[in-house]
Amino acid sequence: MALSMHNRIDSTFARLREAGRSGFMAYITGGDPNLSTTVQIAQELAAAGIDFLEIGIPFSDPLADGLANQLGAQRALMAGTTVRGLLKCIAEIRASISTPIILYTYLNPIFQYGFARFENDAADAGADGLLLLDFPPDETLLDDAGVPRLHRIRLVAPTTDEGRVATICARASGFIYYVSREGVTGERSALEGSIQDRVERIKRHTELPVAVGFGISNPEQAAAVGRIADAVVVGSAIVRRIGEGAGRRDLAREIGRFVRPMTEAVHSARSEPDHP
Amino acid sequence: MQGKFELTQLPDAAGHFGPYGGVFVPETLMPAITELRLEYEAARHDPAFQAELQGLLRDYCGRPTPLYFAERWTEKLGGPRIYFKREDLLHTGAHKINNAVGQILLAKRMGKKRIIAETGAGQHGVATATVAARFGCECVIYMGKVDMERQALNVARMQFLGAEVIPVTAGQATLKEAINEAMRDWVTNVRTTHYLLGTAYGPHPYPMMVRDFHRVIGEEARRQILEIEQRLPAALVACVGGGSNAIGLFYAFLRDPGVRMIGVEAGGRGIRPGDHAARFQGGRLGVLQGTKTYLLANEDGQIELTHSVSAGLDYAAVGPEHSYLRDAGRVEYAFATDDEVLATFHDLARTEGILPALESTHALALVRARAKEWTNDQVVIVNLSGRGDKDVHQIAEHGRSHDLL
């Protein structure tokens, strides 16, 4: 699946590959605690050295998310966040940082907006990729046609068998998101031991980079995954801190301070030489 | 209107009922859903499975259920000859047990010893806890905190049956949130756990499979009415939350063009956002909890709050096959309000000596309001899908607040 134009996700992975290191992807919920703070947090995260920014479009029924992200979505919706408002916020973020932006959400908000229209508006606002939690490659939508302007990020789970990995990879672009644990999003004290094996098996089916997420919450875990994966995703740990700090004037800076040690840990963990 | 053969040949292999249905779930669940689909395909053609299912339905659940002529209510309303399909007389008190028995046998075939389910009114939770106890499985039921309060009797029943009932406090703390939480549990424990979904909703194969386990309702009713009246009914009426009892009654009659079918949704306090659960009144096409169907959402795609006096109908989306049957013009969908439902409950109790579940009372309320649309020699079958014991406390409270008792 090819995109019609240059995409920041591709160029960032190319740069990381040249540098021989893994990337750091931070997840936040758009509009949590409000849209203006989301802009500030995005800027602080960029300053803290993140390579990719994943922004959740809040949905009322996030059934693949754990408590931290559920509460994040709830705070964003309580603050009046809408899809249109969030796209404006992304344009504002894009005006100040060049970090690739991946939108993460469930199908219904996009379905109501209109899939093709959303794709155009999101690309115009400066987004680079789209990940839909409840939209497996087996399903299609009538207006999901033509040359896509956003990369279609797709998930592979520990339960996904080999044949299905091939199907998913064939319908993905940008990168593959490997969910490193069965379960919903959330922090874990111990990581699954089989991540390396699974990442290697995915790479047998695709040239696409593989990002690993679900459960990573500290610099040690981030560095360990960074040695295996092309990118490390940290989400719930950040969202939880945003929840705890909501209302504080220096919230954005505080989030930057929390994330910096993790981006540094990932950047100093060289990736394996077998996939240059 | 579609050809009459097509109506009974859905869904397609991918679970689509025309533009509705499908499999919209997180990737982690795809293998479990595929396994369930294949296992169900094998089981439905396996005589041993069918024999075990039929045996349980007869001896454990109490099938066939009677088709009862409601003579006094018929006289009182002065409309059609009204028959009740007495699913309320089944073990555990509602039609839900038909599906629970079917799915527990599938779980057994798949070697899954942990059963989870959501429940709204608690009837599906009780049915699930019942079959889990009967087959020696661990059982966890997710139930909205609000529903636990208004259906306290069923909570106690589930606990006596050995189930753990976990309160869900997110959102409006009713059925939708319970399904979200059950899905999260399933995503986390998918290798050991079967999700015994309780209505004709969710990702394929659930809408088809749950329908099939309830088809017996209509098959029996069709046979019984032909025996009693030597003719088919003019109409079938059933309440529609997710829509399992309705599709169960309707399915055997879909190819009888003279039989009118009416599904009754929860009109709550009236058709205003947040005050009802009538998806075909204020709803739009969307995707929620695994399927594409009519649902109540705002223009931004956020699911709207719902309200119904009946916990079992208090849900923002409707089963995908109902969306299809509505488009096809085969089934009409109407609604009954809380007030109509409560008045009908008291009417039926005193006329027929039956306390119907508030869910089923929606169907009765429609017949009561529209009885004059039918002539005295026409026959109408109402699905009395559950008994109202669980609702006694809530109705008494409501009666006090309305000075009825």
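An account of the accompanying structure is given in this report. Residue positions are counted from 1 within each chain, in the order its sequence is given. Here the convention is simple: chains get letters from A, ligands get numbers from 1, in the order in which they are written. Reporting of local features is limited, given that this is a predicted model, to residues whose pLDDT is at least 70; pairs of side-chain atoms are given and counted only at 80 or more, and all residues count toward the totals for whole chains, interfaces and linings. Neither water nor hydrogens contribute to the side-chain values; these are computed over all heavy atoms in the structure.

**Some points on the packing of helix H1 (residues 30-44) of chain B against helix H9 (residues 206-229) of chain B**
All names here are of chain B.
Reasoning step 1: Viewed as axis vectors pointing N to C, H1 and H9 meet at an angle of 30°, and their least axial separation amounts to 11 Å. With respect to their mutual orientation, H1 and H9 come out roughly parallel. For H1 against H9, the interelement crossing comes out left-handed. In contact with Leu36, Tyr40, Glu41 and Arg44 of H1, H9 contributes Tyr206, Met208, Met209, Asp212 and Phe213.
Reasoning step 2: Note on residue classes: Ala, Val, Leu, Ile, Met, Phe, Trp, Tyr, Cys and Pro are nonpolar, Asp, Glu, Lys and Arg are charged, and everything else, Gly too, is polar. Residue composition of the contact of H1 with H9, by class: 6 nonpolar, no polar and 3 charged. Note on geometry: axes are lines fitted to C-alpha atoms, helical ones only across the stretch in contact, with angles between N-to-C directions running from 0 to 180 degrees. The helix and strand labels rest on DSSP assignments: H or I over at least four residues marks a helix, E over at least two residues marks a strand, and numbering proceeds from the N terminus. Our angle categories are set so that under 35 degrees counts as roughly parallel, over 145 as roughly antiparallel, 65 to 115 as roughly perpendicular, and the remainder as oblique. Working rule for handedness: look at the near helix, and if it is turned counterclockwise from the far one by less than a right angle, call the crossing left-handed; if clockwise, right-handed. Residue contacts follow a heavy-atom distance rule, with two residues in contact if any of their heavy atoms lie within 4.5 Å.

**Overview of the interface of chain A and chain B**
Reasoning step 1: Each partner contributes residues to the interface: chain A has 38 residues there, and chain B has 36 residues.
Reasoning step 2: Accessible-area loss on putting two parts together, using a 1.4 Å probe and summing over both, is the definition of buried area adopted here. Roughly 2,900 Å² of surface becomes buried between chain A and chain B when both sides are summed, with 51% attributable to carbon and sulfur atoms.
Reasoning step 3: In the sections that follow, a salt bridge refers to a side-chain nitrogen of Lys or Arg positioned within 4 Å of a carboxyl oxygen of Asp or Glu. There are 3 salt bridges connecting chain A and chain B.
Reasoning step 4: When the shortest N-O distance is used, the salt bridge between B:Glu27 and A:Arg164 registers 2.5 Å.
Reasoning step 5: In protein, a polar contact requires one atom able to donate a hydrogen and another able to accept it; more generally it is a pair of N or O atoms within 3.5 Å, and residues adjacent in sequence count only if both atoms are side-chain atoms. The tally of links between chain A and chain B comes to 17 residue pairs in polar contact (both at pLDDT 80 or more).
Reasoning step 6: For the side of chain A that touches chain B, the elements supplying multiple residues, two or more each, are helix H3 (67-78), helix H4 (83-96), helix H5 (107-113), strand S5 (151-156) and helix H7 (162-170) of chain A.
Reasoning step 7: Counting residues per element, the side of chain A that touches chain B draws most heavily on H5(A), which supplies 5 residues.
Reasoning step 8: Taken together, the residues that form the side of chain A that touches chain B break down as 21 nonpolar, 9 polar and 8 charged.

**Here we look at the pattern of salt bridges**
Residue and element names in this part refer to chain A.
Reasoning step 1: Under the criterion given, the structure shown has 56 salt bridges over all chains.
Reasoning step 2: The partner of Arg21 in a salt bridge is Asp51, and the shortest N-O contact between them spans 3.9 Å. Pair noted here: Arg21 is in the loop between helix H1 (8-19) and strand S1 (23-29) and Asp51 is in the loop between helix H2 (35-47) and strand S2 (52-56), with a separation of 30 residues, a long-range link. Comparing Arg21 with Asp51 shows no difference in burial state: the two are buried. When accessible area is computed with a 1.4 Å probe and restricted to protein chains, residues below 20% of their type maximum are described as buried, those above 50% as exposed, and intermediate ones as partly exposed.

**Remarks on the sheet that holds strand S4 (residues 129-132) of chain A**
Residues and elements named next belong to chain A.
Reasoning step 1: Pairing between two strands requires that DSSP report at least two bridges joining them. An order of S1-S2-S3-S4-S5-S6-S7-S8 is seen for the 8 strands of this closed barrel, with the pairing classed as parallel. With strand direction ignored, the average angle separating the axes of adjacent strands in the sheet is 25°.
Reasoning step 2: Taken together, the 3 bridges between S5 and strand S6 (residues 176-179) define a ladder with parallel strand orientation. Residue pairing for S6: Val156 is matched across the bridge by Tyr178.
Reasoning step 3: Of the strands in this sheet, strand S3 (101-105), S4 and S5 are in contact with helix H6 (residues 115-125), which crosses S4 at around 140°.
Reasoning step 4: Across the sheet, helix H11 (residues 251-268) lies against S1 and strand S8 (231-234), angled at about 150° from S1, the strand it touches most.

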